[in-house]
Structures are given as structure tokens and as C-alpha cells.
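If you want the building blocks of each chain, they are given just below.
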Amino acid sequence: MSSVLHLARPELLDLVPYSHAEWEPTLERLHANELPWRAPGDNSPAGLNRYPEPQPQRLIDQLADLYDVAPEQVLVGRGSDEAIDLLVRAFCRAQQDQIMVCPPTFGMYEVAARIQGAEVIEVPLDRARGFALDEAAILGSWRPGTKLLFLCSPNNPTGNLLDSAVIERIVARLADEAVVVVDEAYGEFSNAESFSALLENHVNLVVLRTLSKAYALAGARCGVLLADPPVVSLLRRLIPPYAVPSPTLDAALAALEPPHLAMARAKVEGVIAERERVAAALRTSALVAEIWPSSANFLLIRCTDADRAFRAAVERGLLVRDLRRRAALENCLRITIGTAEQNDRLLAALGAA
Ligand SMILES: *Cc1c(COP(=O)(O)O)cnc(C)c1O
């Protein structure tokens, strides 16, 4: 099976990447213009005076285990935000190519495209069918130059899983035409199979994962892109050198130790239980007109009076996400599931039983 590199910006295929200082831990480093001692207060294992390993192999191996793929299919960067940016830069020629998104969805796809000078084709999710994909409209809106299709499942901010059979058909139909990116930032909170299991059969599929949500490491900035090895090696040549800071590496390796993984899974189970409890209680609130089923760690609600609901939360010291100005989300708020105590306070603010 060939790769999708024919869709990439041609001038990048033979780009000579930045040549960073060699990684040779058995020798002493007089080759990278670092200072040989630590800054005051630096208690880190490796020393922050040293540049980190460019793509840290141990972390890549452990992430490959976690997501059940090969290490050659893994790219690590500063959050999936960096992976999104790299994809757009690798595939979209400025003023010529497009990405396709299905709003309402995560805003970074569009922002990354606009920064790169790529046009954004919008094919809205079908709200009447619970924000489902519009397969015919997606395929019908594709045109030569539409290099990337971003699908988010579970989708932010609507919370629903997209139909995996539909996604698979789209991936197959666009096999030579576009890269389909399935963003699974909230996958751990759902009961769906990861699309990473399909990477072997579809070279135009990319899966995004992150340690920001289910592993409680949003501040560490560690995102993961899973793809066909030629795509990963192209992106490895584009990613800024030393893309994984040493504190990020330490935090990620600690989170991936088996006992910590087990704790994270238990916490996720707790979030799911709280999500269902909060959703049930919100149904009793006169301020809430509609609650969409969620496979993530948040709930999308439509309010009878969103302004009052938002202010009532703030009065109890709680900030929720105001989505009222987004198309198809009039009167909607997005509520992240917090601790049981925070959730109780939110329910009280909204007058739920
Ligand atoms: C939170 C989120 C991410 C994660 O971004 P990071 O840069 O990894 O923190 C990715 N995609 C979606 C849809 C998100 O909501």
C-alpha cells in the first residue's frame, strides 16, 4: 500500500530538517552550547540545563503500548494542538488548499488553517440527528485541494460519538483524496473502539490522542499523533527540535507507570458516573431545556435562560463555557464534570434537585 505523501506540500518532501545536537547519552556534552551546571532550584532528573531528547524513544515506546500501535506510528508533541498545526502546515499550500470541518466542533482546526492561509470548508453536523455526520454533504463538498478532514469523536463541544461506520466509509472513499483526522481527545470517556485499530488498513487515517484530559496532564502539554509511518516521519522533520520539554517527558512517563494508569482509569470511571448523575439531576432544572447525551467529560446543555444560568454558576464561584454565540448552539453552555462537590454546587446554582 502506498502512502498519502502525494497529498503533502511537495516542497516539504525533500526538506532538509534542522540538524539538532546529536543524542548520545554515553558521552559528555560539549556539543550543544549548554552550561554544564544546573540553574538554582532545578531538581529535575535530567537537569534543565540540557536539551531534551528530540523524540524521546522511551515515551514513544510506552505510548505505542498504550494505544496499541507500533512506535513508528507515533509522533509526540506539545499537545494535540501542535499535531493539528503540523498537519495543516504539512498538507495545505497557502491560498490554494482547504481543510474541511464539521461544526460545531473544536476551534483549533480552523485557527490552524487560517494561520497557514488554508481555506475552511464547513459541513455542519446534523443537529436534528443528535449532531451526526452528514456523510453525503461531506463527500459532496470535497474538491481537489481539500487535503484534510477533521472529525472529532467524541465531539467537543457536543459530547456525542460520531458514527464509526460512517467515518470508516468516508476514510475509504477519500483514500487517495484527503487525510481524515479523527481527534479522540475524549476517547477514554466513551465506550467506543479507537480508530487507531484501523491505521493498518488506511494510510490516509490520522488519530489524535492526548494526555491532557483522561490523564490529567493538560499543563504538561503532551499530545500524540498516530498515523502511517511515512506521515509520522514527514511530521518529525517539520516539528520544532526538542519538541518534548524534559518536565513534560518526566510527567508523561510517570503517568504511564502501570499503577498510575490504573488510577487514571478508575478516575475516568468516576467522571463517567458523575456525568450521568449530573445529567439526570439537570433534567429537573427549570433553567435547562435540553441535555445532549455525552461520551466525554462534559455536558452540553441548552438553557431556557442561558444568561441567568451562566450568572448563577459564577455567583457560586463556577465558570462554565458560554457557547451562545456559536452557530446551532443558541442558549447553550458546556459544563465540565468536576469533583462531586463542585458538581453539587453547580446543580444547586441551576436549581436542580
Ligand atoms: C482538549 C482537546 C484537545 C487536546 O488538546 P491538547 O493540545 O492535547 O491539550 C484536542 N482536541 C480536542 C477536541 C479537545 O477538546
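These figures come from a predicted structure and were not determined experimentally.

Chemist: Explain the domain arrangement of the protein chain to me, please; I cannot follow it from the model alone.
Modeler: Think of interface size as the accessible area that goes away when the parts come together; that is how it is often given. By domain assignment, the protein chain separates into domain 1 (3-256) and domain 2 (260-352). For domain 1 and domain 2, the distance between their C-alpha centres works out to 28 Å. Listed per partner, the contact involves 22 residues of domain 1 and 25 residues of domain 2. Taking both partners together, domain 1 and domain 2 bury about 1,800 Å²; carbon and sulfur atoms supply 60% of that area. When the buried area of domain 1 at its contact with domain 2 is split by residue, Arg127, Pro157 and Phe189 rank highest and sum to 36% of it. Joining domain 1 to domain 2, the criterion identifies eight residue pairs in polar contact (both at pLDDT 80 or more). Each residue belonging to the side of domain 1 that touches domain 2 can be placed in one class, and the counts come to 13 nonpolar, seven polar and two charged.

Chemist: Would you mind showing me how to read the sheet that holds strand E9 (residues 298-303) here?
Modeler: Sheet strands line up and pair through hydrogen bonds in the backbone, either parallel or antiparallel. As summarised here, the arrangement of the four strands in space is E8-E9-E11-E10, forming an open sheet in which the pairing is antiparallel. Each edge of the open sheet carries a strand with a single partner, namely strand E8 (288-291) and strand E10 (321-322). As paired strands, E8 and E9 are joined by three bridges and run antiparallel to one another. When the bridges of E9 are listed, Glu290 appears paired with Arg302. This element, helix H9 (residues 258-282), spans E8, E9 and strand E11 (332-336) of the sheet and lies at about 10° to E9.

Chemist: What am I meant to see in the pairing of strand E3 (residues 119-122) here?
Modeler: Across a regular strand the side chains alternate sides, sitting on one face of the sheet and then on the other. Inspection of the sheet shows strand E2 (residues 98-101) paired to E3 by four bridges, in the parallel sense. The residue bridging Val101 from the neighbouring strand is Glu122, located in E3. Of the crossover connections in this fold, the one passing from E2 over helix H4 (residues 108-116) to the parallel E3 is right-handed.

Chemist: Before we go on, may I ask you to explain the site of the ligand in this structure?
Modeler: The local shell around the ligand holds 14 residues, among which Asp183, Tyr186, Thr210, Ser212 and Lys213 are the closest. Take Asp183: an N or O atom from its side chain is 2.6 Å from a nitrogen atom of the ligand. A distance of 2.6 Å is found between an oxygen atom of the ligand and a side-chain nitrogen or oxygen belonging to Ser212. Surface burial for the ligand is 94%, taken as the share of its 380 Å² of free accessible area covered by protein chains. Considering only residue class, the shell around the ligand consists of five nonpolar, five polar and four charged.

Thresholds applied
- Residues numbered from 1 in each chain as written.
- Predicted model: local features only at pLDDT ≥ 70, side-chain atom pairs only at ≥ 80, totals over all residues.
- Heavy atoms only, no water.
- Domains from an automatic or database assignment.
- Contact = heavy atoms within 4.5 Å.
- Buried area = accessible area lost by both parts, 1.4 Å probe.
- Polar contact = N/O pair within 3.5 Å; in protein donor to acceptor, adjacent residues only side chain to side chain.
- Nonpolar A, V, L, I, M, F, W, Y, C, P; charged D, E, K, R; others polar.
- Pairing = 2+ DSSP bridges.
- Helix = DSSP H or I, 4+ residues; strand = E, 2+ residues; numbered from the N terminus.
- Axes fitted to C-alpha atoms, helices over the stretch in contact; angles between N-to-C directions.
- Right-handed = clockwise from strand over helix to strand, strands pointing away.
- Near = heavy atom within 4 Å.
- Areas by Shrake-Rupley, 256 points an atom, 1.4 Å probe, with all protein chains shown as cover.

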